[in-house]
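Fold and geometry: a report
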Amino acid sequence: MDQPDSIAARPLATSPQPTPVSRPDRVPLLAWVIGAVFVAVELAVSGRYGFLQDELYFIVAGHHLAFGYVDQPPLAPLLTRITGLLGVSPAAVRVIPALAGGAIVIMTARLAALFGAGRLGRVLAALVTACAPILLGAVHIGNTTPLDLLAWTAVLLCVATAVLRRRPRWWLAAGAAAGVGLEADNLVILLLIGLAAGLLASARRSVLRTRWPWLGAAIAAVIWAPNLIWQAAHGWPQLAMSAALHRQNTSPADYGGALPGQFLYLGLLVAPLIVAGFVVLWRTPELRFIAITATLVLAYVLAWVPGKVYYADGIAPAVLAAGALGAERWIARGRRPRVRHGLVVGASLVGVAVILPSLLPILPVSDVHDLPASSQQSSLGDTIGWPQLTRAVAAQDAALTRAGQPPTSIFTGYYAEAGAFDVLGSADHLPPVLSGHNAYWMWGPGPASDRTVLVVDALGQLRPYFASCRLLTTYHTPYHVQNDWTGIEIGVCTGPAASWRTLWPHLRHYG
């Protein structure tokens, strides 16, 4: 078996100065194969079931291009607009996320090489990352998460190369990756703060006395500037959005399930490897700055927004890469290395085989209701039913029109329903679609009339402002799926107390 280079080849208590690299930090061919298989699987199932609500929302946002939005920077809607050239379909929207996932798998193998792993450790890093539930599920969907995970991994790889291999120009690449990442998701700022703290609190602090990290920071700031300017011009809505997410994701159940959730997201059967990754990062002086970064990121997410515990999983590639290095050492120490090797590989493959139907649209859609409730109320379950909801609303629109009361606008409680009607309802010639949720509120009511409003999931919100509101029907997701969008009330409101323009300031809500 290959002898691991650099960090792995010497005792943990050595000087923090890196030794010369004994072999290239290249990614083995088998790791590339794993990355390619990962992309192929994601693309093969990308057209099954349907859109997620975020994807519908981003398609609409792509037709309102701006340097920012209430709930995200501009990159994801822009990319959705570009992939729309391939057609308006889930498969088109999910091409870039699938490729991003494959890139993350390869970069994790490269991180393992930088940390000192040999060929086996690099391949294990690719395998456990490709089998991680968080990555499999996240890059199936065309929202900000795949871009965020890719940006975190790219920044970590560039910084690790600059620091561990004494190649300071990689700080410029890190800055570029961070800047592009900040245009995709503001969470990248959490990584940058964690890295700064990690460097300051470790033996690597001398790096900050050179010009290179600051040049990288300047590059990131320039790339991020358009979104910052947009936020400032619009009263920093992202801060209000962050406060709303904090309120909505800090229940006792959120705090109780946050840390166990991390192991579920990364792979329950490889929990020992995850723990080993943290141990390796903390015990290796050269890597301690990454250990500090990972710990601070995880602590912040657990304390501030535990209901969104996956916000911390951008640091997962570094932990899994270090864990692969630890697994490689453990295998090499054993009397039966093949048995230990089989245990690590088997844990990854068995774990992903068990959970895969809850992550990707593998089952027939008619069988999804047999999955656990948590799976039905996840991103997977939420991709079912949007065309049916759109048809149900179109049927009520047609019925009201036949009754001589044609709706003049549609108002929805959330961007999810509004996005579905805008994207999927064009053939039904629906009236203008409005919502007070997130960016839909900022886009405003336009010239839409409020005389007769078809209301979806918002009767309680509009009832104080209309003389009459009545329930027409209740929509239930097909195939008996109990997702987050079943039991939606569809009604009609007439007799507005004021115009949409007057009512609009009272209808805003973030979340």
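Please read these numbers as outputs of a predicted model, since none were measured by experiment.

1. Comments concerning the nonpolar core
Phe115, Trp152, Val159, Trp171 and Leu281 are the most contacted members of the largest nonpolar core, which has 75 residues in total. Looking at this core element by element, the count peaks at 12 residues for helix H8 (residues 144–164). Once residues within four sequence positions are removed from consideration, Leu281 is found in contact with Phe115, Leu287, Arg288, Ile290, Ala291, Ala318, Val319 and Ala322. Counting 36 residues, the second largest nonpolar core, distinct from the first, contains Ala61, Leu430, Leu454 and Val456.

2. Considering the state of the cysteines
Counted according to the given criterion, the structure contains one disulfide. Between the sulfur atoms of Cys469 and its disulfide mate Cys493 the distance is 2.0 Å. Between Cys469 and Cys493 the sulfur-sulfur dihedral comes to about 115°; the bridge is accordingly right-handed. Of the two residues, Cys469 sits in strand E4 (residues 466–475) while Cys493 sits in strand E5 (residues 488–496), which places them 24 residues apart along the sequence. In this structure Cys469 comes out as buried when scored by relative accessible area, which is 16%. Take Cys493: its relative accessible area is 0%, and that puts it in the buried class.

3. A short note on the pairing of strand E1 (residues 409–412)
Going residue by residue along E1, you find Ser409 and Phe411 tucked away on one face and Ile410 and Thr412 tucked away on the opposite face as well. Note: E1 against strand E2 (residues 433–435), three bridges, orientation parallel. Paired with Phe411 across the strands is Leu434, a residue of E2.

4. A few points about the packing of helix H6 (residues 119–130) against helix H16 (residues 316–333)
For the pair H6 and H16, the least separation of the axes is 8 Å and the interaxial angle reads 130°. In terms of their interaxial angle, H6 and H16 are classed as oblique. Like other packed secondary-structure pairs, H6 and H16 cross with a definite hand, here right-handed. Each of Arg119, Leu120, Gly121, Leu124, Ala125, Val128 and Thr129 in H6 lies in contact with H16, whose residues at this interface are Leu320, Ala321, Ala324, Ala327, Glu328 and Ile331. Partitioning the contact of H6 with H16 into residue classes produces nine nonpolar, two polar and two charged.

5. With respect to the environment of Arg94
For Arg94, the position within the fold is in the loop between helix H4 (90–93) and helix H5 (95–115). Arg94 gets classed as buried once you look at its relative accessible area, which sits at 1%. Remark: the alpha-carbon pair of Arg94 and Leu43, spanning 51 residues in sequence, is separated by 7.5 Å. Other than its neighbours up to four places away in sequence, Arg94 contacts Leu43, Ser46, Arg48, Gly50, Phe51, Leu52, Glu55, His140, Ile141, Gly142 and Thr383. Of the polar contacts made by the side chain of Arg94, one reaches the backbone oxygen of Ser46; its length is 2.7 Å. Of note is the side chain of Arg94, whose polar atom sits 3.1 Å from the backbone oxygen of His140.

6. Observations regarding the sheet that holds E4
With mixed pairing, five strands are arranged side by side in an open sheet as E2-E1-E3-E5-E4. Because the sheet does not close on itself, it has two edges, and the strands there are E2 and E4. Each strand axis lies, on average, 25° off the axis of its neighbour in the sheet, ignoring direction. The sheet strands contacting helix H19 (residues 386–402) are E1, strand E3 (452–456), E4 and E5, and the helix crosses E4 at an angle near 130°. Across the sheet, helix H20 (residues 415–424) is in contact with E1, E2, E3 and E5; its angle to E2 comes to roughly 165°.

7. Some remarks on the pattern of salt bridges
A complete count under the given rule lists two salt bridges for this structure. A salt bridge links Asp25 to Arg165; the nearest nitrogen and oxygen atoms lie 2.8 Å apart. With Asp25 in the segment before helix H1 (29–45) and Arg165 in the loop between H8 and helix H9 (170–182), the pair connects residues that are 140 residues apart, well separated along the chain. Its relative accessible area of 8% is what places Arg165 among the buried residues. Ionic pairing is found between Glu55 and Arg94, a salt bridge with its closest N-O pair at 2.9 Å.

8. Here's the deal with the packing of aromatic side chains
One pass over the structure, following the stated rule, counts 13 aromatic pairs. Seen from their ring centres, Tyr57 and Tyr440 are 6.2 Å apart, and the 20° between their planes marks the pair as stacked. Taken together, the positions of Tyr57 in helix H2 (residues 53–61) and Tyr440 in helix H21 (residues 439–443) put the pair 383 residues apart, joining distant regions of the chain. The residues Tyr57 and Tyr440 share a single accessibility class, namely buried. Ring centres of Trp500 and Trp504 lie 6.0 Å apart, and the angle between their planes is 90°; this geometry places the pair in the edge-to-face category. Exposure remark for Trp500: the relative accessible area of 3% places this residue in the buried category. Accessibility expressed as a relative area gives 6% for Trp504, which makes it buried. Each member of the aromatic cluster is reached from another via a ring pair, and the members are Tyr57, Phe58, Tyr415, Tyr440 and Trp443. Over the ring of Trp441 we find Arg508, and its NZ or CZ is 5.1 Å from the ring centre.

9. Some thoughts on unusual backbone geometry
Phi is positive for Tyr49, which is not a glycine, with a value near 60°. At Asn438, a residue that is not glycine, the phi angle is positive and equals roughly 50°.

10. Points about H9
If you check H9, its first and last C-alpha atoms are 18 Å apart, about what 13 residues at 1.5 Å a residue would give, namely 18 Å. Burial in H9 covers these residues: Trp171, Ala174, Gly175, Ala177, Ala178, Gly179, Gly181 and Leu182. Where H9 is buried, its residues meet H8, helix H10 (188–200) and helix H11 (212–233).

11. So, H10
Since the α-helix turns once every 3.6 residues, residues separated by three or four places project in the same direction. End to end, H10 covers 19 Å across 13 residues, agreeing with the expected 18 Å (1.5 Å per residue, within 8%). By the burial criterion, the buried members of H10 are Val188, Leu190, Leu191, Gly194, Leu195, Gly198 and Leu199. In an axial view of H10, the angular spread of the buried residues amounts to 160°, which keeps them on one side of the axis. Of the exposed residues in H10, the ones pointing more than 90 degrees away from its buried face are Ile193 and Leu200.

12. As for the side chain of Asn483
By secondary structure assignment, the location of Asn483 is in the loop between E4 and E5. What makes Asn483 buried here is its relative accessible area of 5%. Of note is the side chain of Asn483, whose polar atom sits 3.2 Å from the backbone oxygen of Ile384.

Thresholds, definitions, all that
Residues numbered from 1 in each chain as written. Predicted model: local features only at pLDDT ≥ 70, side-chain atom pairs only at ≥ 80, totals over all residues. Heavy atoms only, no water. Core = buried A, V, L, I, M, F, W, Y, C linked by side-chain atoms within 4.5 Å. Buried < 20%, exposed > 50% of the residue type's maximum accessible area, 1.4 Å probe, protein only. Helix = DSSP H or I, 4+ residues; strand = E, 2+ residues; numbered from the N terminus. Contact = heavy atoms within 4.5 Å. Disulfide = S-S within 2.5 Å. Pairing = 2+ DSSP bridges. Axes fitted to C-alpha atoms, helices over the stretch in contact; angles between N-to-C directions. Parallel < 35°, antiparallel > 145°, perpendicular 65-115°, else oblique. Left-handed = near helix turned anticlockwise from the far one by under 90°. Nonpolar A, V, L, I, M, F, W, Y, C, P; charged D, E, K, R; others polar. Polar contact = N/O pair within 3.5 Å; in protein donor to acceptor, adjacent residues only side chain to side chain. Salt bridge = Lys/Arg side-chain N within 4 Å of Asp/Glu carboxyl O. Phe/Tyr/Trp six-rings, centres within 6.5 Å; stacked < 30°, edge-to-face > 60°. Lys NZ or Arg CZ within 6 Å of the ring centre and 35° of its normal. Expected span 1.5 Å × (residues − 1). Arc of directions from axis to C-beta.

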